[in-house]
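Geometric and topological summary
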Amino acid sequence: MAYKYFPHTEEDIRQMLDKIGVKSLDDLYSDIPESIQLKDGYALPDSYSEIEVRKLFQKLASYNYDITVFAGAGCYDHYSPSIVQNIIERSEFLTSYTPYQAEISQGTLHYIFEYQSMMAELTGMDISNASMYDGATATAEAVMMAVANSKKANKVLVSETVDPKTIRVIKTYAKYHGIDIEMIAKKDGITDKTGMERLINGGNVAGVVVQQPNYYGIIEDYTGFSDCCHDSKALFIMNCVAADLAILKTPGEWGADIAVGEGQSLGIPMNFGGPGIGYMCCTEKLMRKMPGRIVGMTKDNRGQRAFALTLQAREQHIRRQKATSNICSNQSLMALYVTVYLSVMGKQGLKEAAEQSYASAHYLYDELLKTGYFKPKFNQPFFNEFCLLYDDDIDALQEECIIMGYMAGIKLDDHTLMFASTEQRTKEEIDDLVRIINEFRKGRV
């Protein structure tokens, strides 16, 4: 066999290639440009001692260039106490893969139950599932959930103020499930409520998706949205940055039926963009429509507290076409991370971190405006992220800031920069970034 760890024989491989109309395995990579294909073997030594391996990786690590981040767009640089990393490595939490066998997975099932309990409280909803891939797929699953709940309507309205990455995932899911996605226009950076009402009154709407804070960092007022949805028998779906719910009005308070979003802000390191964790919470009446897995608490035959998977309408247990979802796994390690983080931080710690993020971002906003090179993009309240208009070359400015050790926001268009700040960012760092921008601009005159 060509690959000793692969179970397929040469005949197996030939039959599979014939089925898809490809002559060889190499043809599967034919769309990859020749210029970037590896022609030679890996430049690896035959063997290294442990100390040599450590020194090698220390040398490689020294090539990394650390920068201070003033950017977000769904992934935020929050502080995580060192104890979190130590606790999640404990063996009772690291039982392998999916906890189907409750007898040997009580540690995993226990922390998932605690995760569900804390996420339900954080969002103000009745119930939470045991996490999903990420915030975008969780939102797309909520869209499918709304259509399944409606049975007749197959249209879902999505605000233009939702993260574009999430919108793309929603549209991908919708395309192959026969769901019609219609966008609600934005007005001055927020969802046009009048436009939403007009669309929903047109009928055939199963749900409405909004974001809080929205993609531009703006805190939107969703008063009346849930009433409008429920009057038309549609579900109100809110995508929220998890950490911000420590001080913002919860989806439950807004009257949402489903709360979804990305949980990376709950202490998970940025890790070059992943992994994150998608959370999903809903009202009790939608519990049986919820995708993914749910852990319940019960008692065993000795009267002791025990945990088990429940309400498993998933593709592994029933006919695929009848499943509530075809998501087969979840980000359980990330759910453990979030659980420990929330436990360590507590309600007060989570609130203080959110308040510091808010204060830091508003200080940065004021200082950037003082330079005279920026103007407000929107006249709206924001949390820890905001958009500014820049009067010069954004690419040149960001390149200079990178050289000086700062990631100065995210470029939205030729004139707009979106900045974010968290409790990690200090006054000294903000002042230094502003100084660099001032000196850069004076040098260009």
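In this report, the structure presented in the accompanying data block is examined. What you see is a predicted model, and the numbers here were worked out from it, not measured in a lab.

Regarding the environment of Asp300
Along the chain, the position of Asp300 falls in the loop between β11 (294-299) and β12 (305-310). The exposure class of Asp300 is partly exposed, given its relative accessible area of 25%. For the pair Asp300 and Arg288, spaced 12 residues apart in sequence, the C-alpha to C-alpha distance is 24 Å. Here the side chain of Asp300 touches Gln304 through a polar contact of 2.9 Å, landing on its backbone nitrogen.

Overview of the packing of aromatic side chains
By the definition in use, this model includes 15 aromatic pairs. Each ring, one from Tyr222 and one from Phe225, has its centre 5.0 Å from the other, and the planes form 85°; the classification is edge-to-face. Taking the relative accessible area as the measure of exposure, Tyr222 reaches 0% and is therefore buried. Judged by centre distance (6.0 Å) and plane angle (85°), the rings of Tyr222 and Trp254 are edge-to-face. Of this pair, Tyr222 sits in the loop between β7 (205-212) and α8 (225-231) while Trp254 sits in helix α9 (residues 251-254); the two residues are 32 residues apart in sequence, bridging distant segments of the chain. Summarising the burial analysis for this pair, Tyr222 and Trp254 share the class buried.

Considerations on the sheet that holds strand β16 (residues 410-413)
Think of a sheet as strands paired side by side through backbone hydrogen bonds, with each pair either parallel or antiparallel. Here we have four strands laid out as an open sheet, ordered β13-β14-β17-β16, and antiparallel in their pairing. The two strands at the open ends of the sheet, each matched to only one other strand, are β13 (374-376) and β16. Neighbour to neighbour, the strand axes of the sheet diverge by 40° on average, direction disregarded. The pairing of strand β14 (residues 385-390) with strand β17 (residues 416-420) spans five bridges and is antiparallel. Within the sheet, the bridge partner assigned to Cys387 lies in β17 and is Met418. Along the sheet, helix α10 (residues 332-370) contacts β13, β14 and β17; its crossing angle with β14, the most-contacted strand, is approximately 10°. Most of the contacts of helix α11 (residues 394-403) go to β16, to which it runs at about 175°, and overall it touches β13, β14, β16 and β17.

Looking at the environment of Gln212
With respect to the element layout, Gln212 can be found in strand β7. For Gln212, a relative accessible area of 3% puts it in the buried group. Considering only alpha carbons, one finds Gln212 and Ala242, 30 residues apart in sequence, at a separation of 9.6 Å. Ignoring sequence-local partners within four residues, the contact set of Gln212 consists of Ile218, Ile219, Glu220, Tyr222, Met238, Asn239, Cys240, Val241, Leu248 and Trp254.

Reading the values: rules and limits
Residues numbered from 1 in each chain as written. Predicted model: local features only at pLDDT ≥ 70, side-chain atom pairs only at ≥ 80, totals over all residues. Heavy atoms only, no water. Helix = DSSP H or I, 4+ residues; strand = E, 2+ residues; numbered from the N terminus. Buried < 20%, exposed > 50% of the residue type's maximum accessible area, 1.4 Å probe, protein only. Polar contact = N/O pair within 3.5 Å; in protein donor to acceptor, adjacent residues only side chain to side chain. Phe/Tyr/Trp six-rings, centres within 6.5 Å; stacked < 30°, edge-to-face > 60°. Pairing = 2+ DSSP bridges. Axes fitted to C-alpha atoms, helices over the stretch in contact; angles between N-to-C directions. Contact = heavy atoms within 4.5 Å.

Limitation: the analysis is restricted to geometry and does not speak to function.
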